[in-house]
Number of protein chains: 2
Amino acid sequence: MSKPPAPRTRLRRMHEKAACDRGTLHAILDAMPLAHVGHLVDGAPVVTPTLQWRTGDRIYWHGSSASRMVKAALAAEVCVTVSCVDGMVLARSGLEHSVAFRSAMVFGRATMLTDPEAKAEALRQMMERLFPGRWESLRPMTAQELKATAVLSLPLDEASAKIGGPEPEDPPEDPAWPVWAGHLPMATATGAPVPAAGLAPGLAVPDYLTRFRWG
Amino acid sequence: MSKPPAPRTRLRRMHEKAACDRGTLHAILDAMPLAHVGHLVDGAPVVTPTLQWRTGDRIYWHGSSASRMVKAALAAEVCVTVSCVDGMVLARSGLEHSVAFRSAMVFGRATMLTDPEAKAEALRQMMERLFPGRWESLRPMTAQELKATAVLSLPLDEASAKIGGPEPEDPPEDPAWPVWAGHLPMATATGAPVPAAGLAPGLAVPDYLTRFRWG
C-alpha cells in the first residue's frame, strides 16, 4: 500500500471509513475467503467468484490451468474484491439505509506460480487457512493434479479497505420520525457437518470444522 | 436468456451444473441481494460490491449520481455477479475440495432510469424486497435525494446460473482413504435487532426483521 489509490468505488454513499492501514486490510482478507475477481475477457469485465487466501503481502487464488479465467487474469490488470456483510442498517429515510460491511479491493497484474514446489506449498497454505492440519491427512496431491492447477498471486501494493459501521446516520431532523431504526446483525453460521455418502465408519468429525469461521 | 452464453468462468473446476432455466436464475437473484458489479475504469476492471434487486426480467442497483462507479457502469459493458455460499465440501484429496454454491452472472449494457416516478418506484421495490412494508413508514424521500441517486438496470437477456452441490466427488479410488469427508453447511444468520442510539421509546421491532432472509 505504498501508493494507496483514491477510493474508486463506494458501497455506501456516506458514512464509510476508508481504512488504509495494512492491519485492517489483512484482517478483512483473512476473515473472508470468498473473493470476486474482475478480469477482462474480449475487452469486457467478467466477475468470477473464487476463494482467496493471503500469505504475507500477497493474495492467492487458484483455478484450472486450462481455464479462460486464468488466461484472462494473466493478460491484463485485475481487481480482486472481498466483501463481508455484517448487518443491515435501517435509517428513518430510505436512502440512508445501508449495509454494515468490511471490504477490500486489490488491484494489479496477477502472476502465476511456476515452480511446482511453490505451487504445492501455496495450495497447502490455502487448506491450512481453511482447515488447519487437514492437508497432511489427505490423499497426497499427484503431479498431474498439480500441473492441471494454476495458482495466481497478486501483491497488496495497490489495495484499499473500507468499513461501514452499523449505526444509522440520519440527518439531524430525522430521528424524531416515528419508525424503528437501528441495525440487524448478520453473520455466517455453520450447521452440523454432513458425512459423505458411503463414508467409512469410525472417522470422527475433525475439530477444525467446529472452529471454522467465515467472515 | 434468449442467447445464453457459454459459461465463461468457473467457481469449481468440476461437478458443477450450468442451470440455465429462468426460474433458477430468478431464485438465485432473489435469494442474495449482495452483488459484485464489474465495470471498466480507465480500461481496467473494478469490482464494486452493492445490493441488487430483481423486478421481472431485469436487475437493478443504485448509487450516487455523481459517482465514478455509475459513470463507468453506463460507459461500457458490465458484469453483475451474485454468489451464495452454501457450504464447504471436503473431499479425500486437496484439489477435489470445493464450495457448495449458487451463483448468477448477468452481462450487458446498463441503462439508467431517468423518469423520477420510475426511479422512485424502483427504490420502493428495493425496500420492499428487503423489508416488506417499511417504505410507507419512512420519512418520505425528497426530490433532492431522488435526484442525487442513480438507479441502474440490466436486462437478464445474457445471463447464466450455476449450482455446485454439496457432495464431494472423489475419483473412484479415493473414498477408501481414511479421512473424514462430507460437507459443512453454511448460511447467513441474523442476530437480535439493535436499536439506534437515541431511538424514541415505544417503537417495536418490526416483524419483517424477524422474517429477514439473506441467501
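Above this text you will find the structure in question.
The present account deals with the structure reproduced in this document.

The rules behind these values
Residues numbered from 1 in each chain as written. Chains lettered and ligands numbered in written order. Predicted model: local features only at pLDDT ≥ 70, side-chain atom pairs only at ≥ 80, totals over all residues. Heavy atoms only, no water. Helix = DSSP H or I, 4+ residues; strand = E, 2+ residues; numbered from the N terminus. Buried < 20%, exposed > 50% of the residue type's maximum accessible area, 1.4 Å probe, protein only. Contact = heavy atoms within 4.5 Å. Areas by Shrake-Rupley, 256 points an atom, 1.4 Å probe, with all protein chains shown as cover. Lys, Arg positive; Asp, Glu negative; His and termini not counted. Charge placed at Lys NZ, Arg CZ, Asp CG, Glu CD. Least-squares fit on C-alpha atoms with pLDDT ≥ 70 in both. Pairing = 2+ DSSP bridges. Phe/Tyr/Trp six-rings, centres within 6.5 Å; stacked < 30°, edge-to-face > 60°. Arc of directions from axis to C-beta.

All right, on to the overall build of chain A then. What chain A contains, in helices and strands, is five helices and 12 strands. Considered along the principal axes of its C-alpha atoms, chain A spans approximately 65 × 45 × 30 Å. Residue burial in chain A is summarised as follows: out of 215 residues, 56% are buried. Summarising the internal contacts of chain A: among those between residues at least 6 apart in sequence, 75% fall at separations of at least 24. Working note: accessible area of chain A is about 8600 Å², and carbon and sulfur atoms make up 58% of it. Computed over 23 positive and 22 negative side-chain charges, the separation of the two mean positions in chain A equals 5 Å.

Screw-axis analysis of chain A against chain B gives a translation of 0.0 Å along the axis, an RMSD of 0.0 Å, and a rotation angle of 180°. Such a combination of turn and shift is consistent with a two-fold rotation axis. The position closest to the rotation axis in chain A is occupied by the C-alpha of Thr188 of chain A, lying 2.2 Å away. A shared binding surface is used by both copies, with 100% of the interface residues of chain A retained as interface residues in chain B.

Attention now moves to the pairing of strand S5 (residues 58–64) of chain B. All names here are of chain B. Counting buried residues along S5, five of its seven residues qualify, which places the element largely inside the surrounding structure. Note that strand S4 (residues 53–55) and S5 share three bridges and pair antiparallel. Bridge pairing in S5 places Arg54 opposite Ile59. Sheet topology note: the S5/strand S9 (residues 149–155) ladder contains seven bridges and is antiparallel. Bridge assignment links Arg58 to a residue of S9, and that residue is Pro155.

Listing the buried residues of helix H1 (residues 22–31) of chain A in full gives Thr24, Leu25, His26, Ile28, Leu29 and Ala31 of chain A. Elements in contact with the buried residues of H1 of chain A: strand S4 (53–55), strand S5 (58–64), strand S6 (78–90), strand S7 (98–108), helix H3 (116–130) and strand S10 (158–164) of chain A.

Right, let's get into the packing of aromatic side chains. Residue and element names in this part refer to chain A. According to the stated counting rule, one finds eight aromatic pairs over all chains in the structure shown. With a centroid separation of 5.7 Å and 45° between ring planes, the pair formed by Phe131 and Tyr208 is classed as tilted. With Phe131 in the loop between H3 and helix H4 (143–147) and Tyr208 in helix H5 (residues 207–210), this pair connects stretches of sequence that are 77 residues apart. Each member of the pair, Phe131 as well as Tyr208, carries the same accessibility label: buried. A network of ring pairs unites the aromatic residues Phe131, Tyr208, Phe212 and Trp214 as a single cluster.

Tracing the chain through its elements places Ser67 of chain B in the loop between S5 and helix H2 (68–75). Looking at Ser67 of chain B, the relative accessible area reads 12%, which means it is buried.

What follows covers helix H2 (residues 68–75) of chain A. Residues and elements named next belong to chain A. When we look at burial in H2, the residues that qualify are Met69, Val70, Ala72 and Ala73. Along the long axis of H2, the arc covered by the buried residues comes to 165°, so they all point the same way. In H2, those exposed residues whose orientation departs by more than 90 degrees from the buried face are Lys71 and Ala75. Buried residues belonging to H2 abut strand S2 (34–41), strand S3 (44–51), S5, S6, strand S8 (111–112) and strand S9 (149–155).

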